[in-house]
Amino acid sequence: PERVGWSCCVADPETGRIYAQGVCGYFCCLEGDTGKVVWDRSLHEEFGLISTYGGRTNVPIVFEDTVLISSVLVDWGDSEKWGGLARPAHRFMAFDKATGELRWINGTSISPYDTTYSTPTVAVIDGQQQLVFESGDGGAWSLQPRTGQPVWKFLMSRMGANVSPIVLPDGRVIVGHSEENREGNSMGTVAMLDGKLKGDQAGKELWRKYELMIGKSSPVVVDGRLYVIDDGAKLFVMDLKTGDLIGKKSLGTTMRGTPLYADGKFYV
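Keep in mind that this is a model prediction, so the values were computed, not measured.

1. Quick word on the pairing of strand β7 (residues 66–73)
In terms of burial, β7 is a largely internal element, eight of the eight residues being buried. Relative to β7, strand β5 (residues 49–50) runs antiparallel, the two being bridged by two bridges. Looking at β7, one finds that Ile 50 is bridged to Val 72. Pairing geometry for strand β6 (residues 61–63) and β7, over three bridges, is antiparallel. Residue pairing in the sheet places Phe 63 in a bridge with Thr 66 of β7. Hairpin geometry of β6 and β7 is characterised by an intervening segment of two residues between the two adjacent antiparallel strands and by a positive phi of about 50° at Glu 64. When β7 meets strand β8 (residues 89–96), the two strands line up antiparallel, connected through eight bridges. When the bridges of β8 are listed, Ser 71 appears paired with Arg 91.

2. Quick word on the side chain of Asp 12
Tracing the chain through its elements places Asp 12 in strand β1 (residues 10–12). Residue class for Asp 12 comes out buried when judged on its relative accessible area of 3%. Reaching out from Asp 12, the side chain makes a polar contact with the side chain of Thr 15 at a distance of 3.0 Å. Of the polar contacts made by the side chain of Asp 12, one reaches the side chain of Lys 97; its length is 2.9 Å.

3. Points about the sheet that holds strand β17 (residues 199–200)
What links the strands of a sheet is backbone hydrogen bonding, and the strands pair in either a parallel or an antiparallel sense. Read from one edge to the other, the open sheet built from five strands follows the order β10-β11-β12-β13-β17, with strand pairing classed as mixed. In this open sheet, the two edge strands, each paired with only one partner strand, are β10 (121–125) and β17. Pairing of strand β12 (residues 139–143) with strand β13 (residues 150–155), which is carried by five bridges, proceeds in the antiparallel orientation. If you follow Trp 141 over to β13, its bridge partner there is Lys 153.

4. Description of empty space enclosed by the protein
For the structure shown, the criterion picks out one cavity of 30 Å³ or more. In this structure, the largest cavity occupies an estimated 80 Å³ of space. Along its surface, the largest cavity is lined by Gln 21, Leu 49, Ile 50, Arg 56, Thr 57, Asn 58, Ser 70, Ser 71, Val 72, His 90, Thr 115 and Thr 116. Secondary structure elements with two or more residues in the lining of the largest cavity: β5 and β7. When residues of the lining of the largest cavity are assigned to their parent elements, the largest contribution, three residues, is made by β7.

The rules behind each value
- Residues numbered from 1 in each chain as written.
- Predicted model: local features only at pLDDT ≥ 70, side-chain atom pairs only at ≥ 80, totals over all residues.
- Heavy atoms only, no water.
- Buried < 20%, exposed > 50% of the residue type's maximum accessible area, 1.4 Å probe, protein only.
- Helix = DSSP H or I, 4+ residues; strand = E, 2+ residues; numbered from the N terminus.
- Pairing = 2+ DSSP bridges.
- Polar contact = N/O pair within 3.5 Å; in protein donor to acceptor, adjacent residues only side chain to side chain.
- 1 Å grid on protein atoms, 1.4 Å probe; cavity = no way out; pocket = protein on both sides within 12 Å on 5 of 7 lines; lining within 4 Å.
- Points joined across faces, edges and corners; volume = space filled by probe spheres on them.

Set out below in structure tokens:
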């Protein structure tokens, strides 16, 4: 009770069941109509889950017959079966959504800077299902949600990256952060990537704009324009194709939530 759990409960419309993660790493599946526990796992005890400042915890993603959850993991009794987990990394775990059985486990760079609370986006890009997310190693990554195998990565920040990426219908991906960039000495970035590429995307951005501190609030796309709000609550309107600035407006002093667009209006 003394720490804040940043995760959200997630419902599976196919079964009516609820998936929830507590700040201590307790992960459970509940019957939506009764609250009865169907299965549960202690991710801290079983997999070495780490939750740091404020209890940063990731949001579950239901995909087909699995439920995926991630954290920085740092050892597990059966770790050799999964290639060894003794060194920390931001890793995803895929559980059978009906039984809680572990299907696969895989992660990003070893010894990440931080934990992360970026909610992944699952989308078909160039005919392939991709799980797109920002990572504790300061990068944006894509994994195959059925297997956990990496598709591409884009390392950009010297701290954990927390924005939830946007995947456009044509496979372009928008990411951002508000920490120190890996190159130079500027803080913050917004970038557009080509999600159809494979491997390391360093230097292959479609466009990238520095010194935009988009670290907490996730971007929104409407009618060919990109709307981002920095950590200081300044709204920036950008051309989606080029990243060029169209306009900006001060909204307040601090921004954490993601804006909602509905009925021709932004709710912030």
